[in-house]
Protein chains: 2
Amino acid sequence: MKNIIILGSTGSIGASTLDIVAKFPNRFSVLGLVAGTSDEKLEEQIRTFHPKVVALADATAARRLRARIVESPVEILDGPQGVIEVACHPESDLVISAIVGGAGLVPTLAAIRAGRRVALANKEPMVMAGQLMQEEAHRQGQSIFPVDSEHSAIFQSIEGHRREDVRRIILTASGGPFWEHSLEEMGQATLHQALQHPNWKMGAKITIDSATMMNKGLEIIEARWLFDCPPAQLEVLIHRESIIHSLVEYRDGSVIAQLGLPDMRTPISYAMNYPERLPLEPPPLDLGAIGKLTFYPPDFERFPCLNLAYEALQGGGTLPATLNAANEVAVDAFLKKEIAFLDIVTVIRRTIDASVPQPLRSLEDALEADQRAREKASQFIHSHA
Amino acid sequence: MKNIIILGSTGSIGASTLDIVAKFPNRFSVLGLVAGTSDEKLEEQIRTFHPKVVALADATAARRLRARIVESPVEILDGPQGVIEVACHPESDLVISAIVGGAGLVPTLAAIRAGRRVALANKEPMVMAGQLMQEEAHRQGQSIFPVDSEHSAIFQSIEGHRREDVRRIILTASGGPFWEHSLEEMGQATLHQALQHPNWKMGAKITIDSATMMNKGLEIIEARWLFDCPPAQLEVLIHRESIIHSLVEYRDGSVIAQLGLPDMRTPISYAMNYPERLPLEPPPLDLGAIGKLTFYPPDFERFPCLNLAYEALQGGGTLPATLNAANEVAVDAFLKKEIAFLDIVTVIRRTIDASVPQPLRSLEDALEADQRAREKASQFIHSHA
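In this text the structure is predicted, and so the values were computed from the model without any measurement.

**Quick word on the overall build of chain A**
Then comes step 1: On a plain count of helices and strands, chain A comes out with 17 helices and 12 strands.
Then comes step 2: For a compact globule of 385 residues, the expected C-alpha radius of gyration is about 21 Å, and chain A comes in at 20 Å, within 12% of that figure.
Then comes step 3: Referenced to the eigenvectors of the C-alpha coordinate spread, the extents of chain A come out at roughly 55 × 50 × 40 Å.
Then comes step 4: Within chain A, the fraction of its 385 residues that count as buried is 61%.

**Thoughts on the sheet that holds strand β3 (residues 53-56) of chain B**
Residues and elements named next belong to chain B.
Then comes step 1: Spatial ordering of the open sheet is given by β4-β3-β2-β1-β5-β6-β7, a layout of 7 strands whose pairing is parallel. Unpaired on one side and paired on the other, β4 (75-78) and β7 (145-146) mark the two borders of the sheet.
Then comes step 2: As paired strands, strand β6 (residues 118-120) and β7 are joined by 2 bridges and run parallel to one another. For A119, the partnering residue across the bridge sits in β7 and is F145.

**Some thoughts on the environment of B:P283**
Then comes step 1: Its place among the elements puts B:P283 in the loop between α12 (265-273) and α13 (287-290).
Then comes step 2: The exposure class of B:P283 is exposed, given its relative accessible area of 57%.
Then comes step 3: If we ignore the near neighbours within four places in the chain, the residues touching B:P283 are A:R167 and B:L261.

**Things to note about the interface of chain B and chain A**
Then comes step 1: Listed as interface residues are 45 residues of chain B and, on the opposing side, 45 residues of chain A.
Then comes step 2: Overall, the association of chain B and chain A removes approximately 3900 Å² of surface from exposure, summing both partners, and the carbon and sulfur fraction of that is 52%.
Then comes step 3: The partner of B:R167 in a salt bridge is A:E281, and the shortest N-O contact between them spans 3.0 Å.
Then comes step 4: If you look at where chain B meets chain A, you find 36 residue pairs in polar contact (both at pLDDT 80 or more).
Then comes step 5: Listing elements by their share of the side of chain B that touches chain A, those giving two or more residues are β8 (166-173), β10 (244-250), β11 (255-259), α12, α13 and β12 (292-296) of chain B.
Then comes step 6: Two strands pair when backbone bridges link them, and strand β11 (residues 255-259) of chain A and β11(B) are joined in this way by 5 bridges, in the antiparallel orientation.

**Description of the side chain of A:S152**
Then comes step 1: Looking at the secondary structure, you find A:S152 in helix α7 (residues 149-158).
Then comes step 2: In contact with A:S152, other than residues within four places in its own chain, are A:P146, A:V147, A:P267 and A:Y270.

**Looking at the pairing of β8(B)**
Residue and element names in this part refer to chain B.
Then comes step 1: Among the 8 residues of β8, 8 are classified as buried, and the element is accordingly described as predominantly covered.
Then comes step 2: Strand direction decides the pairing type here: β8 and β10, joined by 5 bridges, are antiparallel. Note that in β10 the partner of I169 across the bridge is V248.
Then comes step 3: Examined bridge by bridge, β8 and strand β9 (residues 234-239) share 5 bridges and lie parallel to one another. The residue bridging I170 from the neighbouring strand is E235, located in β9.

What counts and how
- Residues numbered from 1 in each chain as written.
- Chains lettered and ligands numbered in written order.
- Predicted model: local features only at pLDDT ≥ 70, side-chain atom pairs only at ≥ 80, totals over all residues.
- Heavy atoms only, no water.
- Helix = DSSP H or I, 4+ residues; strand = E, 2+ residues; numbered from the N terminus.
- Rg over C-alpha atoms; globule rule 2.2 N^0.38 Å.
- Buried < 20%, exposed > 50% of the residue type's maximum accessible area, 1.4 Å probe, protein only.
- Pairing = 2+ DSSP bridges.
- Contact = heavy atoms within 4.5 Å.
- Buried area = accessible area lost by both parts, 1.4 Å probe.
- Salt bridge = Lys/Arg side-chain N within 4 Å of Asp/Glu carboxyl O.
- Polar contact = N/O pair within 3.5 Å; in protein donor to acceptor, adjacent residues only side chain to side chain.

As structure tokens, this is what we get:
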């Protein structure tokens, strides 16, 4: 029986994780749940999975929750300290880190520092402070387990092979809803259009990141740290059908890839039960019926966020944290219809240009860069409006 | 330094193996070479690679060779016994078994019985007596290493994962030169047309086997024994571009596949240097430039050899040996223009129908079934002519 903690339990990844727990009640037990503000969803999860402890980042939401479930023995914490306390709970066997955006960094790093085993479903912490997270994990004799479908694919394509024989890591990208649109058309893109991902049903933030392809940029940065891979060996390949989740090429010309129908339960369950696979028994992958898989080289002109990500990776230090924060603020403004789709990249570009990158020596360096970038990006958005 | 023995050194696989030896002279040394009748090619190989011992199955060819290279210290053996002696040489680190057709069975099994490590590039021995070969290998504490591109792909897609989690093994097939032809058109197929494989440059026998798709049938039987996999879990998928060499589906829905440009040096070198990969550094696999990979379900109506193979596997005992022998005789007759393309399957079908399958308890059982099937198939061909 594995004791699971889910950071971000009311999001899309959190729900899929709890699906798996419900399917295999003899293998997993929910020890702790963390959410931001969704006290009603969390209440439902408490009543179904009976965790020992939960935390809501929002203290008001926590008060509402406490008032409603007085009869349950669950301990309800709140605020940043409450979130960290659940993340570091000493009885956990696995912490699934799935808080959307940079907010996941502090509790995830805290869990790693506390020697907890962490499976990472949100990429932002790795983007903001990948080197620190890996150093901390090594110090604790742990490795950070990937959950993102591309990184799970890369992990599965290296298992059983020698890391030193790797020549290239190729992350596939669907190209998002605007792959066939001109820059002019993207200039007119509505929020509704940007939220139509061709293959995956995900949260709003990551869906917009897929439309700008910043999602792939962030994944490149994440892969750099997860697999200790030089940026020159990391490539992007457009693959419209999202069936091949990523590929690893070795120096003898052999390429290992992981494929599957788009279903996050596969990589989540792999992380939860590694090295054994759970008998999810989904429909078989019928390539004969699918008929074809298509591929294109990436287009850095129409999707400049890809370039921004490579630049941030090359620049190093706090630059990826700046990139990530500017992106979060810009996407949030787009979701609130404060800026147009193509303004997202402009806001990020201007924020990066206005930033002085610093060396990344501590969590505080990352958080400071994050804070400063958020302020600058907000300024640009307001001056723009 | 690994001491290599190549059974079938003057064939296509043998030549590719020697290519790799030439490229990595500090890693491999040629200890022994075996050929059938090609004394001139073998002479060239002796002068380049300086093996300690060679054998020619054909005694006359061996005499010619001896007469020509009196100055060399190489020991030249001949006949079936000479071939076995080289195959079992006690100083070898690896025996690459690449003799075309059923002729490879006796020396390959002898090498396994002598406790030699064997990499299998010819599928016929496994088809004829897979169970015996595996039992013998287990007894010697050895495993038989796959070299065929599909089986190497399967091996590479299971490495690092749990055999017991496998749900399906999917062998890809190009469909050969006649995939888009009707049965009527195949009835008119010339030898020249049948020898045009769309993706691989191989020997004549295996190229015709690709045109009838018996090659995939034999590979299914080979996979059954190499990976101890029930026939119901073995599937064929038509994949025209031969980029995905095979796939393994696990019970969580994850599919691992091995891909690459069609180049036998990749699987051969993997077998030669496992678990390390050799830096062959071939051109990278550029899926963006290739653009698409296409897939179709197999067509058992137009390619009845696939059915014959599944039937032989289900029937068990000596039936696969019968199938293989009938196929060899029929393909040979087609190569000699004695029969038409579609007669190949008729000859095999009639030979199987006229055979009484026996349990396979020993090498002799397999050889007897092989001999009887060859006689029957020849009779059908002559009565046909």
